Structures are given as structure tokens and as C-alpha cells.
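Listed below, chain by chain, are the residues.
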2 protein chains.
Amino acid sequence: MTDANAKTKKAVERIPRKADDLSEWYTQVCLQAQLADYAPVRGCIVLRPYGYAIWERICAEFDRRFKATGHHNAYFPLFIPESLLMREAEHVEGFAPEVAWVTQGGGETLRERLALRPTSEVIIGTMYAKWIQSHRDLPILINQWANVVRWEKATRPFLRTLEFLWQEGHTAHATREEAAEEVQRMLGVYREVAEDVLALAVIAGRKSESEKFAGAEATYAIEALMPDGKALQAGTSHELGQNFARAYDITFTDADEQRKHVWTTSWGVSWRILGGVIMAHGDDNGLVLPPAIAPHQAVVVPIFRKGVEEVAAAARALQAELAGVCRVQLDDRIEQSAAWKFNEWELRGVPVRVEIGPRDLEEDVVTLVRRDTLAKERVARAHVVERMQVLLREIQDDLLARSKVDRDTRTMRVGEREAFVAALQAQRGYVLAPWCERAECERDVKAATGAVTRVLAQPAEQGAVCAYCGCPARVDAYFARSY
Amino acid sequence: MTDANAKTKKAVERIPRKADDLSEWYTQVCLQAQLADYAPVRGCIVLRPYGYAIWERICAEFDRRFKATGHHNAYFPLFIPESLLMREAEHVEGFAPEVAWVTQGGGETLRERLALRPTSEVIIGTMYAKWIQSHRDLPILINQWANVVRWEKATRPFLRTLEFLWQEGHTAHATREEAAEEVQRMLGVYREVAEDVLALAVIAGRKSESEKFAGAEATYAIEALMPDGKALQAGTSHELGQNFARAYDITFTDADEQRKHVWTTSWGVSWRILGGVIMAHGDDNGLVLPPAIAPHQAVVVPIFRKGVEEVAAAARALQAELAGVCRVQLDDRIEQSAAWKFNEWELRGVPVRVEIGPRDLEEDVVTLVRRDTLAKERVARAHVVERMQVLLREIQDDLLARSKVDRDTRTMRVGEREAFVAALQAQRGYVLAPWCERAECERDVKAATGAVTRVLAQPAEQGAVCAYCGCPARVDAYFARSY
């Protein structure tokens, strides 16, 4: 056994069963599939090439949609002077505890501390104040791809790291209505990418007061349900009202010649959503990637028993042909066994494995193995390309369909306190219940069950009462524990 | 005159003639063409949407070539613990004076200061030590797109900023020869993008000892000549030998079962190269963009004198047709005059302006105006698409051809001390001269003329003596002042 073989063999074996220890399973999949590694700095990870290749595809899917909805990318500084950060009171209160500060530079102590951006409303708002004069300058629709820093205590790969990669959209509008539309439009983009690209069935809606973004009037989010019954907030879109416009003096002369404050929004998705993909779709063999974001959608593994040359040549020809319709890798290493390769590519989540051996050659067929179900099928060589296209689509669709079924079967609708508390304590998934929208009630629910509201779905039925406290219900809310 | 009109009108007028004040011309083009703006943090800029759209294209051109040469992207942390940074002595000495330090995070003083990466050899080397075991793990070919921080005193948009965007390649190899090949390969990629994409005729070669990267055995660079006779270092590629491998303990078991240190390289290009494009190609009317990186390669400006509806419809049809062969914008705003638009799009460097007015409609022609030469041509409507494709290619090629002529005519070959000093003091461009390679001599030349070596071209002729000090010459070196 070679060095590399020994290492990876052990690696696969170190992954526990998903149902036995989700947390350790998750960490080991991140590490052993070489998505990420721990860095020599507390709470930070390295996004390794394989993980980055997935992230790059996720970014491209978002970026394409941001551009199609009229947004432009830009880049703003990492540093925010302390005095500037301090202007929007709620925002400061929310973020100050998590800020990292630069106090020294170029061998000198700085006169003013510089925050590393935990988010960029402040620095971008300051520039908008400079750029916006007239209603003709509106809307401003800008997105930034950047690293941000939040000094968290407990960290986990992708889900919570001191530094992370994300995108943050920041827009300014002449009216509240336009801003509100923008917030919903981008929430829709997030939902679309989550479902159509990442195959994650999400719930979407407004956050409660206590869960909203620091400085926002309203926050909307998409949430994905994880196997342990916890929800993962995977994207947020904020109506900032005129809060930042007032704090950073962002005004414009309207058509009626009046000077007015703009209405701003912001919205963001981070590499956390990749954590959601790993946790939601993976299985005991490792990662399961939706074809849309898989760096390799298929891997051709020749089986060298006899006739090595013929099999190798056939595998190369097959790879070349498949390359016309998908991203396909050929693994013709001779130092590894086919069985070892099967494990490796399953661990790494490649959607389809293509096996071709001497017997397949004789019979003029190849074997396709789906990663998601591990189902095998033998396909006539002449139809492989055609079948691959269909199969990749099927896998993508099936992953989403299963995610939807999973979400729906693990959403329990309850109206009564006892059932409500029992359902939350059971921690199987979402509990959808009429709720009063009182912060105090949410705190009590959290104390009793560990769960909070995730999103508020729709107005409660006429006359309904809060499942927990019995006060008049205002909304139907999804409750769950969360990451 | 509308608000926006007033603002931009003034804007154009604020740009001085390029020959009168290059420095102010440069700054004003960056600001008025809306490439960048000053941020509310000393020495930092905002890369505005128009500038970002150009940068995005430059990045894509590099990224494509990095991938084609076998490199993979990844992302490493922003933070480098002080103790880790301190291990490679020369590297520390070179970068320590420019480091920004995080000393506080999450409301607490950190036990160890964290440097914000000025470059990532240290953090990446640390990970390579962990990842590399066997010769089968080599080479490792990784690139990172990231922001880095260098605490500079004097700053200018793109050319020198406290925080900047760049890419940094970091590779590890089993042998010195492979590493040396990699360094030359990436220098070649830099040269190719500079010339074929950015239309910058560069010189390429090894840097002198005093100009090389801190911690490198040898640094190679491409340099572009600016209109004021100064050279701009636009990309560097370093042979790091085994310096970082020893400092960070990056070893592998070779095929002969011996444990050996790897050979590493690094190479980087930053948004500085965009500064070079602006300064080299622009003119008194503003920016001149090579078509390959122009966000809009052409802009259609309808001339509304009479028959507004017909002209508008014809302009729309023209834009739709041209969109099949190039990135084309239609500027059919009615609140701005055609003349105002001409100025605006010239300021922003759009390679081709397409004018279409009532007379053109009658005669079934359109007028094309090249941004680089301002030459006009009337083209039969039926041939516009075809002509546009050719014209964009011509502009791209002509920009490079002019850049080559400019570089060559401003390169003076001298062999004698008096002529050498006079040429350098005249500051017209490069002075190519036999040189002894002594650091002391380079210091003396700098003291006398302000110039240093930019790159070392080839071995000096047998028996040649240093143009400055008369010692035996070892190389022919390009001297110039630099940015």
C-alpha cells in the first residue's frame, strides 16, 4: 500500500456513520473530502482546491443572477474606522462584540482603531452619501464578493468561522416600495439558487424582531433543515429602511426638488451555504454533490483485470466523448485499485461513476453508478453520452425532490401548547404554529425548548391564539433549534 | 443643464492635459471615469463598478491561463500569527515594516498579535507542510485571489494602496529544475496577458539582488514603461529555493525513500496592472481601454435632431445586432446631448463609438469613431457588424504595436558612464547598459540618478565593463526610475 493509499484509507475509515454522530461526521467529511482544513489560526479554515472549485461554481450561479437583475460588482475596503462604525446605534450594538481591531500598522500605533468589516453597510453607505445626488442616480445596485471577519467563540468549518467568504449586496432606492421589492427579489434569487442549484428545499420568510439583522427594519431569510432537526440560516435579505441613510447622511434631490433620505437594502450569502449542502446531502460514504456544482460531474474508472491497454484506451475514449456533455475526470492511476478509487470518489461526492472493465468491453456496455442512491445500471456504450445527460438531470432533480419530502415530513403543524413543546423538544424539524410575535414569548420558548422562530410564514388565521402563551396569534411561525 | 450633467461636465474639465501633469491627470482619470474613489480610510480606495468590471475581465484572463497550466484556486486565511510570520528571517525583515496588526478581537486583547497577510508564503507554506508527504503529492500548484495589506506611507489609486486585490500563486516541487520552470512559465503567462490582453509591451527578466522579493533566491518580473519614463513593476515570479521549505518544514519522501525539502515558487499580479493600463494608454480625453478588457467595447449614440423615433428605433436595432459580436451599450438617454455623451464615453475609454443620426439613416450608413485615434469612418449599415469585429481587433493590435514602438524608441542603449548618467537623468525611459551586478554600484547609480535596475536582460558581452563603475560587466541591465 502506498503512502497516499494508507492516508486516505484511514481517512475514509475515520468518518463515523452520519446517524451516529452528525457533528463528527460533518467535520470529517469536510476534512477527508479535502474541502477544507484547519488553519494555524484559531477559528479559521483553509478552503482547499476541491472545496474552492465547488464554491467557485456556487458564486458563479449567484453572480450570474445578480447581474441579470441589474447589479454590478464593486470592492470596498476591509477597514472601517471606529468613529465611522459607531454612527448607527443598533448596528454597533449588534456587531461590536464580534469585531476584530487593527491597532498597529507600519510600526506605529494607529490614532484610531480600524475595525475589520463584519459587514459593509457602514463603508458602503459612506460612499453612497458621496455618489448619490439626484433621483437620477438611483437606484444604486451594487454587490461585493469579499472576506469578512466576525470574532466568534465556537467555530466549525463553513458554518461559523472567524473569517469567511461571502457576497453582500447593498442597494439604495428612492422609495420604500422599491427597496421592499428589491429585498423580495433577492430573497427570491437566494431561494432559486438554493433549490435549483444546491437542491436544498428551503423555507423563506421574515425573521422575528429578535432574530433580525442589527440595524434593519425587517430581515428576510431562507433556512435549510439539517438532518439533526436544526435549521441553518443560509441567506438573508434586509430592509434597512432609512436607518443607515440617516446615520450616514445618504440623501438625494427628488423630482419634486425635495431633499430626501434614500431607502437602503442589503443581502448576503456566505460559504456557510456550502456547509448546508455538505450536511444535507451527504451520507455514510461521504459527500454527495448536486451535479450543478460538482467540479467533476462524472469520473471514469477503468477496471484493470486483463487487457489493461484496451481498457485504458476505451476509458480515454469514453472520457473524451463524455467531456462534450459534462465535466468528467478520468482516473486511470495504476497504483490504486478500482475499489479504492470507488471509495475515494464516493467520499468526494462525484455524482456519477462510470466503470469500464474487460467484460464491459466484450459486451459493449459500461456501468453507471449514481452517487446519491448508489444504484447501478449497465448502459450500451452507444447510449452512454445521452444517458449521462439525462442521469445528471435526474440526480439533480431527485436530490431536490428528496429534500422537499424531507422538509415537509419533518415539518409538524401544531396549535396547542403541550404538543408544541413536545414537538420542539423532540427536535425532529420545524414546528409550524400560530405565534403572538412577542419577544418575551420567544425568549420563554427558547428557555423551555432551545428553539426560536426561524421565519414567520403568513398571517395567523382569524382568532387563532399563540401555541405557547395563548395570547392572540399574529403569524404562523416556523420554530426550530438552529446553527 | 441637469444635476448629473453639471457634475460630469465639470468632471471632464478637471482633467489636466496628460503631458502637463501626468500625476494629476492619472488621479483625475481614475476618479472621473469612475474607476475608483478614495475611501474614508487613509490609503485605501473603492474599486467602483466600472473599474471592477475591467478588473473582473483582467482576472478572468489570468484565471483561465492559470487553470490551463494546471493550477487550482484555493483560499487561505487573512491572519498570520506573529510567531509563524517570524520564521523566515529575510522575509520578515522585508515585510515587517509594512505589516498591520490585529491586537484585539471579540472584546479582548489577543495573546498573540495577528498580522494581516502582506503576502501568503507563510500561511500557505504551513499548510503545505501538512499536506505534502510523498513525491506523489507533488507538484502542488495553487493560486489564491485575495486582498492583502501593506502599510505604505505614500499611496495612489491602484499603484500603491494599503489594501489591494491580487492573485498569488504558490507552488511546491520535487526539484529545483521544476520550480525554475514553473517560475518562467508563469512569467510567460504574465507577459502574455500584459501584451495580448492589456496591450502593454513589457520587458521581462530577473531582478537584481536588491530588488528581489524578501526571502526569494531569484525574482523575475515584467515591467511596463509609463509616459513619464518611469517603469511600473506589473507582475513578479519568484524562485524561493528551499528557504520557505526549511523555515516551515515542508518535506517529502522522494522515490529514493529520502526525506527532502521541497522547492517552492510564488508569483503575483495585483490591480496595480490596471493602473499601468490607465496610465499607458489614456490621453487628454481620458481613459483608453483595450477592447479585450473594456466592459463596453462599443457604445451606440443616436443623434436626435429630427425623426427621433426612427433614429431611436434604428439605434436599438443596431445595438441588438452588434450584441452578437461584441459587448455593446446603447446610450439613448434623452436628457443628455450627443456631444455630452461623446465626452462621457471618451472619458470612460469605450473603444468604438457608433453614431447614428437622421442623415445616416437617409444614406443608410453609420459613423464609427475609434477611441484610440479618434478617427472616424462612415460604414454602410449592412457592413457594420463585420467592420466592428475587424475594428476591435485592429484597435487591440494597434494599441500593442504603439506600446512596442514607444518602449523601443524610449530604450536607449549606452555603454559609457557619461552617456549612461545623462540618459538616466533625462528620464525618458529605459537605459540598457552593461552592469557589474554589484549592490554597491546600484546604490551609487540610484544616488546619482534616482534610477535602479528594473530587470537584468542577458549576460553581458565578453569583456564588457559596467557602464557606471567600470568593473567587469556581468549582465546587460535595464535601468529606470520606478513607481
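Every chain's residues receive numbers from 1 upward, in the order its sequence appears when written. Chain labels run from A onward and ligand labels from 1 onward, assigned in the order the entries are written. Owing to the predicted nature of the model, reporting of local features is limited to residues with pLDDT of at least 70; listing and counting of side-chain atom pairs is limited to 80 or more, with chain, interface and lining totals taken over all residues.

**Describing the overall build of chain A**
So, point 1. The secondary structure listing takes helices from DSSP runs of H or I that are at least 4 residues long and strands from runs of E that are at least 2 residues long, numbered from the N terminus. Along chain A, the regular secondary structure elements total 15 helices and 23 strands.
So, point 2. Expected size for 483 residues packed as a compact globule is a radius of gyration near 23 Å; at 25 Å, chain A falls within 12% of this value.
So, point 3. Around each residue's C-beta, the other C-beta atoms within 10 Å are counted; 20 or more make the residue buried, 12 or fewer make it exposed, and counts in between make it partly exposed. All C-beta atoms are placed from the backbone. Here chain A, with 483 residues, has 51% of them falling under the buried criterion.
So, point 4. Throughout, a residue-residue contact means that the two C-beta atoms, derived from backbone geometry, are no farther apart than 7 Å. Across chain A, the fraction of contacts at a sequence separation of at least 24, relative to all contacts at a separation of at least 6, is 67%. Here the globule rule is a power law, 2.2 Å times the number of residues to the power 0.38, and the radius of gyration is based on C-alpha atoms.

**Structural notes on the relation of the copies chain A and chain B**
One chain copy maps onto the other through a rotation about an axis and a shift parallel to that axis.
So, point 1. Each copy of the sequence occupies a distinct position, and chain A is placed on chain B by a rotation of 180° and an axial shift of 0.0 Å, giving an RMSD of 0.0 Å. Such values leave the two copies arranged in the relation of a two-fold axis. Considering only C-alpha atoms, the residue of chain A closest to the rotation axis is Val102(A), which sits at 2.1 Å.
So, point 2. By residue overlap, the copies meet face to face through one surface: 100% of the interface positions of chain A are interface positions in chain B. Residues below a pLDDT of 70 in either copy are left out; the C-alpha atoms of the rest, at least 70 in both, set the least-squares superposition of the copies.

**Re the packing of helix α3 (residues 49-68) of chain B against helix α7 (residues 176-197) of chain B**
Residue and element names in this part refer to chain B.
So, point 1. Every angle, taken between N-to-C directions, lies between 0 and 180 degrees, and every axis is a line fitted to C-alpha atoms, over only the stretch in contact when it is a helix. Between α3 and α7, whose axes approach to 10 Å, the crossing angle comes to 140°. Taken together, the axis directions place α3 and α7 in an arrangement best described as oblique. In the crossing of α3 with α7, the sense of the turn from one axis to the other is right-handed. When α3 is examined against α7, the residues Glu61, Phe62 and Arg65 are found in contact with a partner set consisting of Val189, Val193 and Val197.
So, point 2. For the contact of α3 with α7, the class distribution of residues is four nonpolar, no polar and two charged. Working rule for angles: under 35 degrees goes down as roughly parallel, over 145 as roughly antiparallel, 65 to 115 as roughly perpendicular, anything else as oblique. The hand of a helix crossing depends on one turn: near helix anticlockwise from the far one by less than a right angle means left-handed, and clockwise means right-handed. Note on residue categories: nonpolar means Ala, Val, Leu, Ile, Met, Phe, Trp, Tyr, Cys or Pro, charged means Asp, Glu, Lys or Arg, and polar means any other residue, Gly included.

**Observations concerning the sheet that holds strand β17 (residues 352-356) of chain B**
Residues and elements named next belong to chain B.
So, point 1. Should DSSP find at least two bridges between two strands, the strands are regarded as paired. In spatial order, the strands read β16-β15-β17-β18-β19; together these five strands make up an open sheet with mixed pairing. Every interior strand has two partners, whereas the edge strands, β16 (328-330) and β19 (376-380), have only one. Between one strand axis and the next, the sheet turns through 25° on average, direction left out of account.
So, point 2. By the bridge criterion, five bridges tie strand β18 (residues 365-370) to β19 in an arrangement that is antiparallel. Considered in β19, the bridge of leucine 368 is made with glutamate 377.
So, point 3. Strand contacts of helix α11 (residues 338-347): β15 (298-302) and β17, with the helix running at about 170° to β15, the strand carrying the most contacts.
So, point 4. Sheet contacts for helix α13 (residues 384-409): β15, β17, β18 and β19; angle to β18, the most-contacted strand, approximately 10°.

**A closer look at the interface of chain A and chain B**
How big an interface is tends to be reported as the loss of accessible area on association of its parts.
So, point 1. The interface is formed by 49 residues belonging to chain A together with 49 residues belonging to chain B.
So, point 2. Here the side of chain A that touches chain B is built from residues that sort into 29 nonpolar, 12 polar and eight charged.
So, point 3. In this sheet, strand β5 (residues 100-105) of chain B lies alongside strand β5 (residues 100-105) of chain A in antiparallel orientation, the contact comprising five bridges. Note that in β5(B) the partner of Trp101(A) across the bridge is Gln104(B).

**Looking at the pairing of β15(B)**
Residue and element names in this part refer to chain B.
So, point 1. Judged by how many residues are buried, β15 sits mostly within the fold: five of five residues are covered.
So, point 2. A two-sided burial pattern is seen for β15, the buried positions comprising Ala298, Val300 and Pro302 on one face and Val299 and Val301 on the other.
So, point 3. The sheet contact formed by β15 and β16 spans three bridges and is parallel. Pairing of valine 300 across the sheet is with leucine 330, part of β16.

**Examining the sheet that holds strand β18 (residues 365-370) of chain A**
All names here are of chain A.
So, point 1. With respect to topology, five strands assemble into an open sheet ordered β16-β15-β17-β18-β19, the strand pairing being mixed. Pairing within the sheet leaves two strands with one partner each, and these edge strands are β16 (328-330) and β19 (376-380). Across the sheet, the mean angle separating the axes of adjacent strands is 25° when strand polarity is ignored.
So, point 2. Along the sheet face, helix α10 (residues 308-322) touches β15 (298-302), β16, β17 (352-356) and β18 and points at about 170° away from the line of β15.
So, point 3. Running at roughly 170° to β15, helix α11 (residues 338-347) makes contact with β15 and β17 of the sheet.

**Comments concerning the domain arrangement of chain A**
Residue and element names in this part refer to chain A.
So, point 1. You can read the domains of chain A as domain 1 (3-281), domain 2 (296-396) and domain 3 (411-480).
So, point 2. For every domain, the bounds stem from an assignment made automatically or drawn from a database. Between domain 1 and domain 2, the C-alpha centre-to-centre distance is 38 Å.
So, point 3. At three residues, helix α1 (residues 3-14) tops the list of elements feeding residues into the side of domain 1 that touches domain 2.
So, point 4. Residue composition of the side of domain 1 that touches domain 2, by class: four nonpolar, three polar and no charged.

**Quick word on unusual backbone geometry**
So, point 1. Following Leu138(A), the chain continues to Pro139(A) via a peptide bond in cis, the omega torsion being -10°.
So, point 2. Residue placement: Pro139(A) occurs in the loop between α6 (121-131) and β7 (140-149).
So, point 3. Positioned with a positive phi, Asp249(B) is a non-glycine residue whose angle comes to about 55°.
So, point 4. With respect to the helices, strands and loops of the structure, Asp249(B) is situated in the loop between α8 (243-247) and β12 (251-253).
So, point 5. Assessed through the 14 C-beta atoms surrounding it within 10 Å, Asp249(B) is described here as partly exposed.

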